[in-house]
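# Coordinate inspection notes
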Amino acid sequence: MENSVLLPISAADIDAAALVIAPYAVRTPLLSSPALDALTGARVFVKPEMLQRTGSFKFRGAFNKLSSIPQSARSGGVVAFSSGNHAQGVAAAAQILGMQATIVMPSDAPVSKREKTKGYGAEVVLYDRDKEDREAIARAIAGPRGATLVPPYDDPFVMAGQGTVGREIAEDLAALGLAPDVVVAQASGGGLIAGIATAVKARFPQASIMCAEPEGFDDHAISLRAGKRQPHAAQGRTICDALMAAMPGELTFAVNERLLAQGVVASDAEVGEAVKFAFRELKLVAEPGGAVGLAALLSGRFEARGKIVVIVMSGGNVDADLYAKLIA
């Protein structure tokens, strides 16, 4: 990209992140599925980040970010705000690096995500998603302690860490002598898709990169069409609890508005079907927020026939009772 100097992250930042996280992160495989190919008429590869440490891609960015904190500043610990997956990523990374983590989580976050976060030794502070500002709470905690705030997406180290997903996709396809036509990954704040787009486009500039969002919560799709950051207008909830950010991040959108081809959506019903498909055909446990790209593919939300398509399944941290309902 001729203007890459202006962007918050580069392919070189992602290469550096890959070295930092290599001893601790899982290099997840690229899976192919004859059933998916037959259904879609495409050659589909799935990147299963539910197999990542902590059950989602978020460990990558969290570990890269925490590793960047100078030793002299580590005693203050870290504070993060998250509905669950970033929380676990930060808590696990802090545990490995011997730092104290405090996580500000919504009181309606899945119990499994809350308990897992505590299990990594983090302190969990709950807030009301509808009435309170999680960033303000996190700052109030971090200030007096001299703790480092770890944003869920709007941070170059976090974005570069998530970009290692795209770097692995590019390497694995190149090793097979293939070039991707379409790469789809979920977007909430946009850190994952920004990192993936940066890494994949560096190696395959012709690839079409798409973000996938729950219907109604498609702030990226809206923003891409408008050419500037716009909030979504959704009221209420989606089963994709991990994908409810109201507006794209500032740094992430600087990358995404330049590198993404489009945004695609899927309804909660379509996402439920995709979770079921992943269970039955792929033998993968996907949380709803990790299956929107797959849902968009299965529902024909974008043109896939005859193409090489990569679907990133970003996590598998789902409460057992909801999962049982979806796969029944």
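Residues numbered from 1 in each chain as written. Predicted model: local features only at pLDDT ≥ 70, side-chain atom pairs only at ≥ 80, totals over all residues. Heavy atoms only, no water.

## Points about the nonpolar core
Note the cut-off: In plain words, nonpolar cores are sets of buried Ala, Val, Leu, Ile, Met, Phe, Trp, Tyr and Cys residues tied together by side-chain atoms within 4.5 Å. Only protein chains enter the accessibility calculation, which uses a 1.4 Å probe; a residue is then buried when its area is under 20% of its type maximum, exposed when over 50%, and partly exposed in between. Helix numbers and strand numbers start at the N terminus; a helix is a DSSP run of H or I with at least 4 residues, a strand a run of E with at least 2.
Core analysis: the largest hydrophobic core is formed by 36 residues, its most contacted members being Leu-282, Leu-294, Phe-302, Ile-311 and Met-313. Elements with a minimum of two residues in this core: strand E2 (43-48), strand E7 (182-186), strand E8 (208-214), strand E9 (262-266), helix H11 (268-282), helix H12 (292-298), strand E10 (308-313) and helix H13 (320-327). Considering every element that reaches this core, the biggest residue donor is H11, with 6 residues.

## Remarks on unusual backbone geometry
Despite not being glycine, Thr-54 has its phi angle at roughly 70°, a positive value. Looking at the secondary structure, you find Thr-54 in the loop between E2 and helix H3 (58-67).

## Topic: the sheet that holds strand E6 (residues 148-149)
To be explicit about the condition: Between any two strands, pairing holds if DSSP finds at least two bridges.
Taken together, 4 strands build an open sheet; the order of strands is E5-E4-E3-E6 and the sheet is parallel. The open sheet has two free edges, formed respectively by strand E5 (123-127) and E6, since each of these has just one partner strand. In the sheet, strand E3 (residues 78-81) pairs with strand E4 (residues 101-106) via 4 bridges, with the strands oriented parallel. Across the sheet, the residue bridging to Val-79 is Thr-102, located in E4.

## A short note on the packing of H3 against helix H4 (residues 85-97)
Here is the rule: An axis is simply a line fitted to the C-alpha atoms; with a helix, the fit covers only the stretch in contact. Between two such axes, the angle follows the N-to-C directions and lies from 0 to 180 degrees. Should an angle fall under 35 degrees it is called roughly parallel, over 145 degrees roughly antiparallel, and 65 to 115 degrees roughly perpendicular, with every other angle called oblique. Crossing chirality is assigned from the near helix's rotation relative to the far helix, an anticlockwise turn below a right angle marking it left-handed and a clockwise turn marking it right-handed. Two residues form a contact once any of their heavy atoms are found within 4.5 Å. Each residue gets one label: Ala, Val, Leu, Ile, Met, Phe, Trp, Tyr, Cys and Pro are nonpolar, Asp, Glu, Lys and Arg are charged, and the others, such as Gly, are polar.
Where H3 contacts H4, the two axes come as close as 8 Å, and the packing angle between them is 45°. By the angle class used here, H3 and H4 are oblique. Viewed along their axes, H3 and H4 form a crossing whose handedness is right-handed. Across the interface between the two elements, Lys-58, Phe-59, Ala-62, Phe-63, Leu-66 and Ser-67 from H3 touch Asn-85, His-86, Gly-89, Val-90, Ala-92, Ala-93, Ala-94, Ile-96 and Leu-97 from H4. Grouping the amino acids of the contact of H3 with H4 by side-chain chemistry returns 10 nonpolar, 4 polar and 1 charged.

## Overview of the sheet that holds E2
Pairing in this open sheet of 6 strands is mixed, and the strands run E1-E2-E10-E7-E8-E9 from one edge to the other. Because the sheet does not close on itself, it has two edges, and the strands there are strand E1 (31-32) and E9. When E7 meets E10, the two strands line up parallel, connected through 3 bridges. Within E10, the position partnered with Val-183 by the bridge is Val-310. Strands in contact with helix H9 (residues 219-226) are E8 and E9; relative to E8, the strand with the most contacts, it is inclined by about 130°.

## Notes on the layout of surface pockets
Put simply, the rule reads: Of the grid points, spaced at 1 Å and generated over the protein atoms alone, those admitting a 1.4 Å probe that cannot get out make up cavities, while open sets with protein on both sides within 12 Å along at least five of seven lines make up pockets; any residue with an atom within 4 Å of a point is treated as lining. Grid points are joined across faces, edges and corners, and a volume is the space filled by probe spheres set on the points.
Each pocket or cavity is described by its volume, and for the second largest pocket that value is around 170 Å³. Along its surface, the second largest pocket is lined by 14 residues, and Asp-108, Pro-110, Ile-239, Asp-241 and Leu-322 are the ones closest to its centre. A per-class count over the lining of the second largest pocket returns 7 nonpolar, 2 polar and 5 charged.

## Some thoughts on the pattern of salt bridges
When their charged atoms lie close together, side chains carrying opposite charge are able to pair. Our working rule: A carboxyl oxygen of Asp or Glu within 4 Å of a side-chain nitrogen of Lys or Arg is what we treat as a salt bridge.
A full pass over the atoms with the stated rule returns 19 salt bridges. Residue Lys-47 pairs with Glu-168 through a salt bridge whose shortest N-O separation is 2.6 Å. Residue Lys-47 is found in strand E2, and its partner Glu-168 is found in helix H7 (residues 156-175); the two are separated by 121 residues along the sequence. Side by side, Lys-47 and Glu-168 carry an identical accessibility label, which is buried. Among the ionic pairs, Arg-301 bridges to Glu-270, the shortest N-O distance being 2.9 Å. Here Glu-270 lies in helix H11 and Arg-301 lies in the loop between H12 and E10, a separation of 31 residues in the sequence. With relative accessibility at 29%, the residue Arg-301 sits in the partly exposed group. A network of salt bridges, in which partner residues are shared, links Asp-15, Arg-27, Arg-167, Glu-171 and Asp-172.

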